[in-house]
Amino acid sequence: MQLELSRVVHGTSRLGVLRGVGNKAGEYSLDTPGCLLYTHLGTVPHLTQDTLHTLKHLPCVSQVTLAEHQEVLEEVKDGFRKFAGLHDTILYLSLHDPAAAYPTGYTTNKTVSVWGSGGRIELTVAKFMALLKTVQPDWYQSIADGETWESNTSRKRVRKSVDRTLAHLDKCLLEHQTTPELEGMEVFGVVEGRVRSAKETAKRPVVGFCLDGLQTGSMDQGLRTELISAVNRELPEHKPRLLQGVGRPDEVLACVEAGVDLFEGFFPFQVTERGCALYFNYNIYPDPEVTGTAPTMQPNGEVNPEDQIEMTTFEINLKDKRFQDDFAPLVEGCGCYCCQNHQRAYIHHLLVTNELLAGVLLMIHNTAHYQGFFKALRDALANDNLDGTLSNRDHTVTTGC
Amino acid sequence: MAATTACESQINTSEESMHVKKALSVASPLTLKIVAECPVTKARACELILPHSPVSTPVFMPVGTQGTMKGITVDQLDSLGCQICLGNTYHLGMRPGPELIEKANGLHGFMNWKRNLLTDSGGFQMVSLVELSEVTEEGVKFKSPYDGKEILLTPEKSIGIQNSLGSDIMMQLDDVVSSTVTGPRVEEAMHRSVRWLDRCIAANKNPHKQNLFAIIQGGLNAQLRKTCLDEMTKRDVPGFAIGGLSGGEEKDDFWRMVTLSTDHLPREKPRYLMGVGYALDLVVCVALGCDMFDCVFPTRTARFGSALVPWGSLQVKQKQYAKDFKPIDPDCECPTCKRHSRAYLHALFKNDTAAMHHITIHNISYQLTLMRSVRQSIVDGRFPEFIRTFMKRMFSSPDQYPSWAVDALASVNITLD
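As the structure is a prediction and not an experimental result, all values here were calculated from the model.

Cut-offs and rules
- Residue positions are given per chain, counted from 1 along the sequence in the order it is written.
- Here chains are named by letter from A upward and ligands by number from 1 upward, in the order in which they appear as written.
- Given that this is a predicted model, residues contribute local features only at a pLDDT of at least 70 and side-chain atom pairs are listed and counted only at 80 or more, while totals for whole chains, interfaces and linings are drawn from all residues.
- In computing side-chain properties, one takes all heavy atoms of the structure into account and sets aside hydrogens as well as water.
- Runs of H or I in DSSP of at least four residues are treated as helices and runs of E of at least two as strands, each being numbered from the N terminus.
- Here the globule rule reads 2.2 Å times residues to the power 0.38, and the radius of gyration is calculated from C-alpha atoms.
- Between two residues, a contact is recorded if the distance between any of their heavy atoms is within 4.5 Å.
- Areas reported here follow the Shrake-Rupley algorithm with a probe of radius 1.4 Å; residue values treat only the protein chains shown as occluding.
- In this charge count, Lys and Arg are treated as positive and Asp and Glu as negative; neither His nor the chain ends contribute.
- Taken as the charge centre is NZ of Lys, CZ of Arg, CG of Asp or CD of Glu, depending on the residue.
- When DSSP finds two or more bridges between two strands, those strands count as paired.
- Note on geometry: axes are lines fitted to C-alpha atoms, helical ones only across the stretch in contact, with angles between N-to-C directions running from 0 to 180 degrees.
- The classification of residues rests on relative accessible area computed with a 1.4 Å probe and restricted to protein chains. Under 20% of the type maximum is buried, over 50% is exposed, and intermediate values are partly exposed.
- Polar contacts here mean pairs of N or O atoms no more than 3.5 Å apart (in protein, one a potential hydrogen donor and the other a potential acceptor; neighbouring residues in sequence count only if both atoms are side-chain atoms).
- Buried Ala, Val, Leu, Ile, Met, Phe, Trp, Tyr and Cys residues form a nonpolar core when they are joined through side-chain atoms within 4.5 Å.
- Ring pairs are drawn from Phe, Tyr and Trp, using the six-membered ring of Trp, whenever the two centres fall within 6.5 Å, and their geometry is named by plane angle: stacked under 30 degrees, edge-to-face over 60, tilted for the rest.
- Over a ring means this: the NZ of a Lys or the CZ of an Arg is within 6 Å of the ring centre and within 35 degrees of the ring normal.
- Small angles under 35 degrees read as roughly parallel and large ones over 145 as roughly antiparallel, with 65 to 115 read as roughly perpendicular and the rest as oblique.
- In this scheme, a crossing is called left-handed if the near helix is turned counterclockwise away from the far one by less than a right angle; it is called right-handed if the turn is clockwise.
- Only Asp, Glu, Lys and Arg are considered charged, only Ala, Val, Leu, Ile, Met, Phe, Trp, Tyr, Cys and Pro nonpolar, and every remaining residue, Gly among them, polar.

(A) Fine view of the overall build of chain B. The helix and strand inventory of chain B stands at 17 helices and 17 strands. Taking 2.2 N^0.38 as the reference for a compact globule, 417 residues should give roughly 22 Å; the C-alpha atoms of chain B span a radius of gyration of 21 Å, in line with that estimate. With the C-alpha coordinates of chain B rotated into their principal frame, the extents come out at 60 × 55 × 45 Å. The contacts in chain B between residues at least 6 apart in sequence include a share of 67% that link residues at least 24 apart. With an accessible surface of roughly 16,400 Å², chain B has 50% of that area assigned to carbon and sulfur atoms. Across chain B, the centroid of the 45 positively charged side chains sits 5 Å from that of the 45 negatively charged ones.

(B) Structural context of the environment of B:Val283. Residue and element names in this part refer to chain B. For valine 283, the position within the fold is in helix H11 (residues 279-287). When the C-alpha atoms of valine 283 and histidine 208 are compared, they prove to be 33 Å apart, with 75 residues separating the residues in sequence. Look past the residues within four positions of valine 283 in its chain and what remains in contact with it is Leu370, Val374, Phe383, Phe386, Ile387 and Phe390.

(C) Representation of the sheet that holds strand E3 (residues 28-32) of chain A. All names here are of chain A. Ordered by their spatial adjacency, three strands build an open sheet running E1-E2-E3, and the pairing between neighbours is antiparallel. For this open sheet the edge positions go to strand E1 (2-9) and E3, each flanked by a neighbour on one side alone. Strand-to-strand twist of the sheet, defined as the mean angle between neighbouring strand axes without regard to direction, takes the value 10°. Looking at chain direction, strand E2 (residues 13-21) and E3 are connected through four bridges and run antiparallel. Looking at E3, one finds that valine 17 is bridged to aspartate 31. This element, helix H12 (residues 357-382), spans E1, E2 and E3 of the sheet and lies at about 120° to E2.

(D) Geometry of the side chain of B:Thr336. Residues and elements named next belong to chain B. Residue placement: threonine 336 occurs in helix H13 (residues 335-339). The exposure class assigned to threonine 336 is buried, which follows from its relative accessible area of 1%. Here the side chain of threonine 336 touches histidine 358 through a polar contact of 2.7 Å, landing on its backbone oxygen. For threonine 336, the residues in contact, after removing those within four places along its chain, are Ile328, Leu345, His358, Ile361 and His362.

(E) Focus on the nonpolar core. Membership of the largest hydrophobic core comes to 92 residues, with the highest contact counts inside it found for A:Phe80, A:Phe128, A:Tyr140, A:Leu211, A:Leu243 and A:Phe263. Sort the elements by how many residues they give to this core and H12(A) lands first, with seven residues. Here A:Leu243 is in contact with A:Leu211, A:Leu214, A:Ile228, A:Cys255, A:Val260, A:Leu262, A:Phe263 and A:Glu264, once residues within four sequence places are set aside. Membership of the second largest hydrophobic core comes to 66 residues, among which are A:Val331, A:Leu361, B:Leu212 and B:Ile364.

(F) Layout of the packing of aromatic side chains. Overall, the coordinates contain 23 aromatic pairs over all chains when judged by the stated rule. Note on A:Tyr38 and A:Phe269: the rings are 5.4 Å apart at their centroids and 35° apart in plane angle, and the pair reads as tilted. Within this pair, whereas A:Tyr38 is found in strand E5 (residues 37-38), its partner A:Phe269 is found in helix H9 (residues 267-273), the two being separated by 231 residues in sequence. The pair A:Tyr38 / A:Phe269 is uniform in exposure class, with both members buried. On the numbers, 6.2 Å between centres and 70° between planes, the contact of A:Tyr92 with A:Trp139 is edge-to-face. In this pair, A:Tyr92 sits in strand E7 (residues 90-93) while A:Trp139 sits in strand E10 (residues 139-141), placing the two residues 47 residues apart along the sequence. We note that A:Tyr92, like A:Trp139, is buried. An aromatic cluster of at least three residues, connected via ring pairs, comprises A:Phe263, A:Phe267, A:Phe280, A:Phe314, A:Tyr370, A:Phe373 and A:Phe374. Looking at B:Lys251, its charged tip hangs above the ring of B:Phe254, at a distance of 5.4 Å from the centre.

(G) Here's a closer look at the packing of helix H7 (residues 155-165) of chain B against helix H8 (residues 184-203) of chain B. Residues and elements named next belong to chain B. Remark: H7 packs on H8, axes separated minimally by 8 Å, with the N-to-C direction vectors making an angle of 40°. For the element pair H7 / H8, the angle class is oblique. Along this stretch, H7 crosses H8, giving a crossing that reads as right-handed. Where H7 abuts H8, its residues Pro155, Glu156, Ile159 and Asn163 lie against Trp196, Arg199, Cys200 and Ala203. Across the contact of H7 with H8, the residue classes break down as five nonpolar, one polar and two charged.

Right, here's the structure in full:
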C-alpha cells in the first residue's frame, strides 16, 4: 500500500490517494483526506445492505472492533467478511469503538482492556494476534496503551504509555513476521501523541500511523494541532496518518491542516443517536445571499450517557418543535435517500414517537453529508481554498449545502 | 359505495343486473374481481382494485402503526411485495394529528407510501390501551395519555381523522367489547355498532376515494352475530370486516364465529378478518372464506428476535444459534436469508438495532410469501393439498394438530391425515 501525495499545502495539509489498498479483496484506492466507514460488527449502525447501498460514495474501508465476538469468529469458516455479509470493502480492525466511552485504568504491561456488550475483555498480544488470524482484516492497529489523554496525566504515566505501546508493537511485528496467516495484513503503529513515540514508531516497518491520545474532549484544538504537527514532522511522508477519536467537522478541518490523512467515521453515528441531522455548509464558494444565522449551540436535553459530546453547531435537532410542520427535506439539495424521500416533519414525528426508522433515515443522511464534507475538503485542497471550507471557522451554520 | 364485481358466473336475475348497473354507474374506489374459488372449501383468490394499486387476495397486511413500518423504509416494504399496510387512527390522531397529516398530503404523502393504506377507527385502542372513561351513544370518552386531556372519539370524529389521513380503506368506529365479555353489554355494543356504522357512512367526506368498511360484531353469540350480519349487509358499504374476535377467546368459539360470518357476507365484497396473523390461523381462515388479514404479531415479535419459519419460530437471541451458520430459513428468498446467518444475527443483536430490522424484513417476507402461496394454490385448484402440506410442515405429527383447526377445516370438507 502506498500513499501518493498529489499536493502538500502550506507544508502540512496533504491531498493524496492511498493505492494498493487491501490484497485480499482486490485493488482499492482511498482518497485522502478521507474517513473510514464506522460499523458495529460490520454493519453500519441501523442499516441493512439495502438501506446502506442507497449511499453512493461509501468509503472503501470499514472499521470494526471485534474482541467480544472472538469465540464465535473462531468457528467461522469463510472469514469475517462472509460472516457479516459484507459488501466489497477493506477491513480495518481497531481496538476500541471510537463512539463508545470506556473506563480507564485497566491497562497493564501485558494487557489492554476493551469493552463489549458483555463487559470488559482483557487482551494480551497473543490473544490479539489470534483475533487477527480469525478476522483476517486488511489493516489493523497494534495494541496500544492510550490512556494518556486526560490533561492531568503525569509525565511518568505518559512515558509508560509510550514504552508499553512500542513494546506491544514490537511483539506484534515479531509475531507478524513468523505467522503465515498474518501475511498481507498491514499494521498501523500507534503513536501516543508525543514526539518520542512518533520517532520510535517511525523506525518500525509499519504501513501507517494511528495517532492516539488526541481524542475529542481531551484537549482544545490548538494543543491538538500543535501535537499533531510536532508528531508529523517525525513521520515518513508517504505513510498515512490516521487520527483516532476526532470527528467534529471543525476539528477535522484543523487536523487536516496539521497533516492528518484519515479519520474514523463515527461522528455521523453520534449525531444520529442524539436525534440530530448534519446540516452545515461546506461549499467552498458560499453564496452570501443564501447564508443565514446559525442556531446557537444548545446542549441536547436528554444526554445519552454514551454521548460525551454535546450537540454541535453542525447539526439541527429534529426533536425541536419548530420542525413539526416543516415540510422541507433535512438539507435542501442533498441527494441522499432520506432527503429525496422524506421531510423534516416526518423525521420529527418519528423521533417524537420513538420509532426505529428515525435512526435509519438519520444515519443515511448523516453519512452522506459527512462524506460530502470530506469530498469538499479534498476539492478545497486541490483548489488551494481550505479557508473557504465550512464558510468560516466561527461555526456559522448556513442554509443550503 | 357499492363494490362492483366481475366474475365468471353469469348474473341471472333482473334484480341483480339492476343492482350491478346501478353500481357501475357510480364511481367506485373498490372493485373485487374473483379470480378463483376453491371447490372444496370457502376460499377465494381475488384481485382487489383499490385507488393506489391492485391487491391480490388473500392478503396479509402488515401494521405500520405510527406511519412507519418499524425500522424498514417504504422502499424495502415495497420490494417485499407489500401492496397494502395499516396505519392507526388513534396513534396518528394523537401524534402528529390529522391537521398536520392533511398538510402533508395525507398519510400517503407523510410517510411516502405509494401503495394502499388501511386505517382502523381507533376503537380497538380504546379498549386495549387507554383508561376508558365512558362509552355512550355519543362516542368514546377517554383521557389522552400524552397530556391528560379528555377526548371524545365519536363516529364523526373518527371518520374525520381518517378522511384527513386519506386511507384507501377506512374502518367504521365500532363499540368494541372484549371477546371474553358476556351478557347484555355484548348486545348493546352490537346494536350501537350498527347505529355508528350509519353515522360513519353519513360522515364520510370522500366516498369516491375512500372505502368505508363495516365491522361485524356480536361477540361469541351466534344469534347476535347473525342479527348484526343481517343489519349491516343492508348497508351499501364496499367491504366488511369481522371484528370482536382474536382477543383471547377460545379458538373453538373463534372459528365458529368466523365461518358464520362468511356464510352471511356477500360473495362479491371483500371479507377482512381483523387481528389475525398467526400462520395457522391465516390458512384456516382463508379456508373459511376470509380475504384480508392484519396483525402486529409478525413485526412485533421480530424486534424480540423471533423469526417466523414454516415449522414455527426461531428465537435468534438464544445461545443455541450463536454458532449456527445457516440462514433463518434456507428456502427463504428474503434479503436477510440471502445474506445473513443465524449466528451473525445472534451476534448483531448485541451490538446494533439493524438486527431487528433484518428479522422484521424476514417476518414480513414470510407472511407475504405464505399468502402468495396460499393464493396460487387456490388459483391452481390445489388448496386442500396445500393445507395438508402446510400442516405437516408446521407440526411434528398429526396428533399435534390443534383440534380447533382440525374441526374448522373439517367444516369446509378438509380432512387431515
